[in-house]
2 protein chains.
Amino acid sequence: MAKTEGNINTWLDQIHNKYKTAVSVDCVIFGYDETGLKVLLIPCDMPPFENKLSLLGDIVHPNETTDQAAHRVLYKRTGLDDIYMEQVQVFSDLNRHPLGRVITVSYYSLIKINGNSFMELKDNHSLQWKNVSEINELAFDHKIIMDTCLERLRKNLREHPIGFKLLPPVFTLQQLQTLYEMVLGVELDKRNFRRKLSHLQILKPTGDSQKDVSHRPAKLYYFDQMEYEERNINGFSFGL
Amino acid sequence: MAKTEGNINTWLDQIHNKYKTAVSVDCVIFGYDETGLKVLLIPCDMPPFENKLSLLGDIVHPNETTDQAAHRVLYKRTGLDDIYMEQVQVFSDLNRHPLGRVITVSYYSLIKINGNSFMELKDNHSLQWKNVSEINELAFDHKIIMDTCLERLRKNLREHPIGFKLLPPVFTLQQLQTLYEMVLGVELDKRNFRRKLSHLQILKPTGDSQKDVSHRPAKLYYFDQMEYEERNINGFSFGL
DNA sequence: GCAAAAGTGTTCGCTCTACACCCATGG
DNA sequence: CCATGGGTGTAGAGCGAACACTTTTGC
């Protein structure tokens, strides 16, 4: 795009001087294990929040979109790319950041805690997974951001097949049901849950079963993305 | 919030110098009349888009949130406040604005075209309503923004009772049905539509009927917001 | 053989869908 | 009395909810 006329070209300069605003992204990185839904947090070193935890975020660089910034933050901290991410909402309260005007774009992402060894790979000595239910306060307005993203996650979990993104590539039906129950905070009927999934035809058995369990071993399944996309051109509802 | 340490305080200054970014809002203002769903547009005077129409937008001021900026834009152009508005999505492509980096937050709002006399009241000589179906291109990336907001509107129209916000305060069931059909692009069964609304119990008859029509006059209804809020603590689906 | 979790069918009520005729008014 | 849109009921199919017992494995 051409930057043409000089007098128009002063426009952005004026804006930068008059309206000093920084733009950041904040990532609510959800993970899941058998103890519940977790969020990846880091200690905050900025006054007055020195003793609080905060979400992972950064200023948006001049040569990247906010989506790219969010992926960059995630990659830098975890070494993971190709991760499901969704833009949620802008937070722009005037005093949300102690150092001045920072408008932030929030994202949530879903990653598999187990099966990813990033915990050892990156400079994440201070990163920690914290159970969502145990998070009472965070630095800045990050608690509100987290709650907003959690609501969005719950809504999307009911409308789209994204729950699998929190589980290992191969899982049992019971694991999947427990995930839904924990994230949505509801109890589900085992038979109804299985019938619904079986009807959707988006899970495929691997042929394998659990090993080394002291009870009847459960069959293992994987989510068939191709099958889903062919079958659900116009989306569907989980209706859970 | 305290701006404390000097060395930390330089942080935002550095950011402003290094990451020159402006933040704007763009409003997709939907209106509706019997000819269809419309969007309020204004001619663009910025090269290279001089002959195109654009959405209504503005830079976010230092003393306002993006929500407030969106309401300000709407009020300044139409004289209307207390209007339904919803934040939709951030657009941040690097070259979306010819004068430099402008990250924009998109909103849509719903207003009643008839029954509002703002067309004469404000400096809107150049504002125009344009049918959504007739909009093929807009300045900047505004067509994409409009399409995104339209999708969001359609989704919300199915999940929440917001259709009334596009109609006069008092309307017939046929008007309401036609609105749904036009915005969603589907045909609805008259009897099923009426049964569903009657079951929801959120429309109340005014007791009046249409006047001066050369056929049986239709009863007039209004949307009872209070009734809805009491009845639907956890929301509901229109399921259309 | 016992503990522990896996796996499996049926009934009931509700909601969605499809569909056709009489009614009230103005001219 | 005719033209125009307003207004109404019913039957069938599909979906969600509730509910209990048998199976397979490890120890």
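For the structure, check the block above.
These numbers were taken from a predicted model, which means no experiment stands behind them. (Residues numbered from 1 in each chain as written. Chains lettered and ligands numbered in written order. Predicted model: local features only at pLDDT ≥ 70, side-chain atom pairs only at ≥ 80, totals over all residues. Heavy atoms only, no water.)

## Overview of the overall build of chain A
Check the secondary structure of chain A and you find seven helices and nine strands. Taking contacts inside chain A between residues at least 6 apart in sequence as the whole, the part at least 24 apart equals 65%. Accessible surface, chain A as shown: approximately 12,200 Å² in total, 47% of it carbon and sulfur. (Helix = DSSP H or I, 4+ residues; strand = E, 2+ residues; numbered from the N terminus. Contact = heavy atoms within 4.5 Å. Areas by Shrake-Rupley, 256 points an atom, 1.4 Å probe, with all protein chains shown as cover.)

## Here's the deal with the protein's contact with DNA strand D
For DNA strand D, the set of nearby residues contains 21 residues, the closest of which are Lys196 and Arg216 of chain A together with Lys190, His215 and Lys219 of chain B. A distance of 3.2 Å separates a base nitrogen of DNA strand D from a polar side-chain atom of Asp189 of chain A. Contact distances for DNA strand D include 3.3 Å between a base nitrogen and a side-chain N or O atom of Arg191 of chain A. Breaking the surface near DNA strand D down by element, the ones donating at least two residues are helix H6 (190–200) of chain A together with helix H6 (190–200) of chain B. Its residues assigned to classes, the surface near DNA strand D shows four nonpolar, six polar and 11 charged. (Near = heavy atom within 4 Å. Polar contact = N/O pair within 3.5 Å; in protein donor to acceptor, adjacent residues only side chain to side chain. Nonpolar A, V, L, I, M, F, W, Y, C, P; charged D, E, K, R; others polar.)

## Describing a positive patch on the surface
A cluster of basic side chains, namely Lys190, Arg191, Arg194 and Arg195 of chain A, defines a positive patch on the protein surface. Given a relative accessible area of 65%, Arg191 of chain A falls into the exposed group. (Patch = residues over 30% accessible without salt bridge, like charges linked within 9 Å, V, L, I, M, F, W, Y side chains within 5 Å. Salt bridge = Lys/Arg side-chain N within 4 Å of Asp/Glu carboxyl O. Lys, Arg positive; Asp, Glu negative; His and termini not counted. Charge placed at Lys NZ, Arg CZ, Asp CG, Glu CD. Buried < 20%, exposed > 50% of the residue type's maximum accessible area, 1.4 Å probe, protein only.)

## Describing the packing of aromatic side chains
Under the defined criterion, the tally for this structure stands at 14 aromatic pairs over all chains. Following the ring pairs from residue to residue traces out a cluster consisting of Phe164, Phe171, Phe223 and Tyr228 of chain A. (Phe/Tyr/Trp six-rings, centres within 6.5 Å; stacked < 30°, edge-to-face > 60°.)

## Some remarks on the packing of helix H5 (residues 173–184) of chain B against H6 of chain B
Residue and element names in this part refer to chain B. At a minimum axis separation of 11 Å, H5 and H6 run at an interaxial angle of 105°. Classed by the angle they form, the pair H5 and H6 counts as roughly perpendicular. Facing H5, whose interface residues are Leu173, Gln174, Leu176, Gln177 and Tyr180, H6 presents Lys190, Phe193, Arg194 and Leu197. Looking at the contact of H5 with H6 residue by residue, the classes come out as five nonpolar, two polar and two charged. (Axes fitted to C-alpha atoms, helices over the stretch in contact; angles between N-to-C directions. Parallel < 35°, antiparallel > 145°, perpendicular 65-115°, else oblique.)

## Overview of the environment of Ser126 of chain A
Residue and element names in this part refer to chain A. Relative to the helices and strands, Ser126 is located in the loop between helix H3 (118–121) and strand S7 (128–131). Taking the C-alpha atoms as reference points, Ser126 and Pro43, separated by 83 residues in sequence, lie 6.9 Å from one another. Beyond its immediate chain neighbours, meaning those up to four positions away, Ser126 contacts Leu41, Ile42 and Pro43.

## Notes on the protein's contact with DNA strand C
Near DNA strand C, the surroundings consist of 21 residues, among which Lys190, Arg191 and Lys219 of chain A together with Val213 and Pro217 of chain B are the closest. Close to the protein, within 4 Å, the atoms of DNA strand C are drawn from sugar and phosphate at a rate of 42%. Between a base nitrogen of DNA strand C and a side-chain N or O atom of Arg195 of chain A, the distance comes to 3.3 Å. Between DNA strand C and the protein, one listed contact pairs a base nitrogen with a backbone N or O atom of Arg216 of chain B at 3.2 Å.

## Thoughts on the nonpolar core
Generally speaking, nonpolar side chains in soluble globular proteins are found buried as a group. Counting 46 residues, the largest nonpolar core has Ile29 of chain A together with Ile29 of chain B as its most contacted members. Beyond its immediate stretch of four places on either side in the chain, Ile29 of chain B contacts Lys38, Val39, Leu40, Leu56, Leu74, Ser109, Ile111 and Trp129 of chain B. (Core = buried A, V, L, I, M, F, W, Y, C linked by side-chain atoms within 4.5 Å.)

## Concerning unusual backbone geometry
Cis peptide bonds are those with omega within 30 degrees of zero, and the linkage from Pro47 of chain A to Pro48 of chain A qualifies with 0°. Counting through the fold element by element, Pro48 of chain A comes out in the loop between strand S2 (36–43) and strand S3 (53–54).

## Topic: helix H4 (residues 142–159) of chain A
The terminal C-alpha atoms of H4 of chain A, which comprises 18 residues, lie 26 Å apart, in line with the 26 Å expected from a rise of 1.5 Å per residue. Residues of H4 of chain A that are buried include every one of His142, Ile145, Met146, Cys149, Leu150, Leu153, Asn156, Leu157 and Glu159 of chain A, and no others. (Expected span 1.5 Å × (residues − 1).)

## Topic: the state of the cysteines
Applying the stated criterion to the full structure yields zero disulfides over all chains. Cys27 of chain A provides the cysteine sulfur closest to Cys149 of chain A, a residue in no disulfide bond, and the two sulfurs are 9.1 Å apart. (Disulfide = S-S within 2.5 Å.)

## Examining the pattern of salt bridges
Under the counting rule described, the total for this entry stands at 26 salt bridges over all chains. Glu159 of chain A serves as the salt-bridge partner of Lys155 of chain B, at 2.8 Å between the closest nitrogen and oxygen. Highlighted residues: Lys155 of chain B in helix H4 (residues 142–159) and Glu159 of chain A in helix H4, drawn from two different chains. Among the residues examined, Glu159 of chain A registers a relative accessible area of 15% and is labelled buried. The shortest N-O distance in the salt bridge between Lys204 of chain B and Asp224 of chain B comes to 3.0 Å. Of this pair, Lys204 of chain B sits in strand S8 (residues 203–209) while Asp224 of chain B is found in the loop between strand S9 (219–223) and helix H7 (225–231), placing the two residues 20 residues apart along the sequence. A relative accessible area of 15% places Asp224 of chain B in the buried class. Connected through salt bridges with shared partners, the residues Lys155 and Glu159 of chain A together with Lys155 and Glu159 of chain B form a single ionic network.

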